[in-house]
Amino acid sequence: DVYAASSITILVDPLVSLNLANESNGTLVGSSSTSDTVIGVQTTNATGYTLKIAAASGTAGTPVPLTNTDAGCTSNCTISSITASTITDVNNFSTGTWGYFPSKFNSADNTVYRPAPTIEGDTLDVTNVANNSNNNYSIAIGAKVDYATTAPGTYSGAFVVTAVANPLSYNVVYANKT
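These numbers were taken from a predicted model, which means no experiment stands behind them. (Residues numbered from 1 in each chain as written. Predicted model: local features only at pLDDT ≥ 70, side-chain atom pairs only at ≥ 80, totals over all residues. Heavy atoms only, no water.)

A.B. asks: So what's going on with the environment of S81? Which residues, and what values?
C.D. replies: Here S81 lies in strand 7 (residues 78-81). Excluding residues within four positions of it along the chain, S81 makes contact with P63, T97, W98, P115 and A116. A polar side-chain atom of S81 sits 2.7 Å from the main-chain amide nitrogen of A116. (Helix = DSSP H or I, 4+ residues; strand = E, 2+ residues; numbered from the N terminus. Contact = heavy atoms within 4.5 Å. Polar contact = N/O pair within 3.5 Å; in protein donor to acceptor, adjacent residues only side chain to side chain.)

Below is the structure:
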């Protein structure tokens with residue numbers, strides 16, 4: 001019998017806050033780069049892990065909007081996701097949209113805002129070796145809204161971050177002893 005054990009530890013700061021600056025034309029723009037959510041992952045798994053982010057609920061293939069938490073909100077109560085994953089500056093978002101900006105451990109791979117995660121999820125990173133100390137990641141959010149299309153208030157969205165050990169491969173060879 002062959003037994004192998006590996007572990008993954010994931011630490012997530014659960015909240016990102018975003019303050020929007022009032023531009024002269026009534027549009028509010030902002031990003032959370034100074035208060036990112038920080039994720040730390042470590043594993044003893046020899047083949048590393050895959051890190052993903054997904055919407056906690058929603059419709060397959062549809063990026064989740066941010067929703068106004070005020071139960072009395074009756075109009076313009078969501079902020080839709082950006083659709084393009086080529087936007088590098090929150091000022092270039094369409095009005096009434098939001099996106100997230102992930103960092104990848106020790107890499108410059110993620111240089112653009114991404115559309116909101118779907119329930120299927122987005123891969124943030126894939127590693128291929130064990131790491132005994134945290135690989136640290138951060139997720140910032142950005143939004144561009146205005147008073148005409150977005151009700152004032154607090155907006156929220158729920159997302160799940162997972163780290164899954166990559167599979168191990170074994171070759172078993174039997175020797176013929178005659």
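A.B. asks: Which residues make up the packing of aromatic side chains, and what are the values?
C.D. replies: Under the counting rule described, the total for this entry stands at 3 aromatic pairs. Pairing W98 with F159 gives two aromatic rings, centres 5.8 Å apart and planes at 55°, and the pair type is tilted. Pair noted here: W98 is in strand 8 (residues 97-102) and F159 is in strand 12 (residues 159-165), with a separation of 61 residues, a long-range link. With a relative accessible area of 28%, F159 lands in the partly exposed category. (Phe/Tyr/Trp six-rings, centres within 6.5 Å; stacked < 30°, edge-to-face > 60°. Buried < 20%, exposed > 50% of the residue type's maximum accessible area, 1.4 Å probe, protein only.)

A.B. asks: Account for the nonpolar core, with residues named and values stated.
C.D. replies: Counting residues in each nonpolar core, the largest one holds 23 residues, and the members touching the most others are V41, L51, W98 and Y100. The set of elements that each furnish at least two residues to this core consists of strand 4 (37-43), strand 5 (49-55), strand 8 and strand 10 (131-146). Broken down by element, this core gets its largest block of residues, 5 residues, from strand 10. Counting 5 residues, the second largest nonpolar core, distinct from the first, contains I82, I87, F93 and Y113. (Core = buried A, V, L, I, M, F, W, Y, C linked by side-chain atoms within 4.5 Å.)

A.B. asks: Which residues make up a nonpolar patch on the surface, and what values go with them?
C.D. replies: On the surface, a nonpolar cluster with roughly 510 Å² of combined accessible area is contributed by L168, Y170, V172 and Y174. Looking at where Y174 falls in the secondary structure, it is placed in the segment after strand 12. We classify Y174 as exposed; its relative accessible area is 74%. (Patch = residues over 30% accessible without salt bridge, like charges linked within 9 Å, V, L, I, M, F, W, Y side chains within 5 Å. Areas by Shrake-Rupley, 256 points an atom, 1.4 Å probe, with all protein chains shown as cover. Salt bridge = Lys/Arg side-chain N within 4 Å of Asp/Glu carboxyl O.)

A.B. asks: Talk me through the sheet that holds strand 5; I want residue IDs and the actual numbers.
C.D. replies: Strands in a sheet are paired, the pairing made by backbone hydrogen bonds, and the direction either parallel or antiparallel. Within the open sheet, the 3 strands sit side by side as 9-5-12. Their pairing is antiparallel. Edge strands, defined here as strands with exactly one partner in the open sheet, are strand 9 (122-126) and strand 12. On average, each strand axis in the sheet is inclined to that of its neighbour by 20°, with strand direction left out of account. With 4 bridges connecting them, strand 5 and strand 9 associate as antiparallel partners. The residue bridging L51 from the neighbouring strand is D125, located in strand 9. (Pairing = 2+ DSSP bridges. Axes fitted to C-alpha atoms, helices over the stretch in contact; angles between N-to-C directions.)

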